[in-house]
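Now for the letters of each chain:
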Amino acid sequence: MIDEILRNWALYLQTLEPVSPQPDSHCRSIEHRYIPEAGEVFAEENKKPFIDIRQGEKVEAIVCKLNSRFKEILKARYVTHPHLSKERLARKLRMDKFQFEADLSIAKNHIKKEL
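From a predicted model like this one, the values you see are computed outputs, not experimental measurements.

**A look at the side chain of Asp 103**
- You can see Asp 103 is positioned in helix 6 (residues 97-114).
- In this structure, Asp 103 is in contact with Arg 69, Phe 70, Ile 73 and Met 95, ignoring residues within four places of it in sequence.

**Regarding the packing of helix 1 (residues 2-15) against helix 3 (residues 53-65)**
- At their nearest, the axes of helix 1 and helix 3 sit 8 Å apart, and the two run at 95° to each other. Of the possible angle classes, the one that applies to helix 1 and helix 3 is roughly perpendicular. Note on element contacts: helix 3 touches helix 1 through Ile 53, Gln 55, Gly 56, Glu 57, Val 59, Glu 60 and Val 63, opposite Ile 5, Leu 6, Asn 8, Trp 9, Tyr 12 and Leu 13.
- Class assignment of the residues belonging to the contact of helix 1 with helix 3 gives a composition of eight nonpolar, three polar and two charged.

**Side note on the pattern of salt bridges**
- Scanning all chains against the criterion turns up three salt bridges.
- Here Asp 3 makes a salt bridge to Lys 108, at a shortest N to O gap of 2.9 Å. Of this pair, Asp 3 sits in helix 1 while Lys 108 is found in helix 6, placing the two residues 105 residues apart along the sequence.
- A residue is classified by how much of its surface remains accessible, and Asp 3, at 27% relative accessible area, is partly exposed.

**Re the environment of Lys 92**
- Mapped onto the elements, Lys 92 comes out in helix 5 (residues 86-92).
- For the pair Lys 92 and Ala 76, spaced 16 residues apart in the sequence, the C-alpha separation amounts to 9.3 Å.
- Setting aside its immediate chain neighbours within four residues, Lys 92 contacts His 81 and Leu 84.

How each quantity is defined
- Within any chain, residue numbers begin from 1 and follow the written order of that chain's sequence.
- Only residues with pLDDT of at least 70 get local features here, since the model is predicted, and only at 80 or more are side-chain atom pairs given and counted; chain-wide, interface and lining totals rely on the full set of residues.
- Only hydrogens and water are set aside when side-chain values are computed; all heavy atoms of the structure are taken into account.
- Think of it this way: any DSSP run of H or I at least four residues long counts as a helix, any run of E at least two long counts as a strand, and we number them from the N terminus.
- When checking whether two residues touch, look at their non-hydrogen atoms; a contact exists if any pair is within 4.5 Å.
- To obtain an axis, a line is fitted to C-alpha atoms, over the contacting stretch when the element is a helix, and the angle between two such axes runs from 0 to 180 degrees between their N-to-C directions.
- The cut-offs work like this: below 35 degrees is roughly parallel, past 145 is roughly antiparallel, 65 to 115 is roughly perpendicular, and the gaps in between are oblique.
- When residues are grouped by polarity, Ala, Val, Leu, Ile, Met, Phe, Trp, Tyr, Cys and Pro land in nonpolar, Asp, Glu, Lys and Arg in charged, and all others, Gly among them, in polar.
- Counted as salt bridges are all cases of a side-chain nitrogen of Lys or Arg within 4 Å of a carboxyl oxygen of Asp or Glu.
- Exposure categories follow from relative accessible area, calculated using a 1.4 Å probe and restricted to protein chains: below 20% of the type maximum is buried, above 50% is exposed, and the middle band is partly exposed.

The values reported here are purely geometric and, on their own, carry no functional implication.
Below is the structure:
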């Protein structure tokens, strides 16, 4: 249950406007003759998952109140590196595997309690 809520939070964060400069979508010439790669033009449309925006906003408000260590763990687990295993993610964050799992569990419990 809490994993689904946190995955929804990660999807919600991806829908927000980017803060950093984005690459150009067209060339900088006067004519603006940008031709995208053929793979982008003819790609099949992917079904977009349903995102509960209200729940995402609630979870974001709760995560913002957390300790910076818990924020970093949740962000790494659900937003930036959701594909990595817990062992590799702990190594990437330079933490012990058991400490990572304990802190992740504490952060999940805190969010569950606040909801």
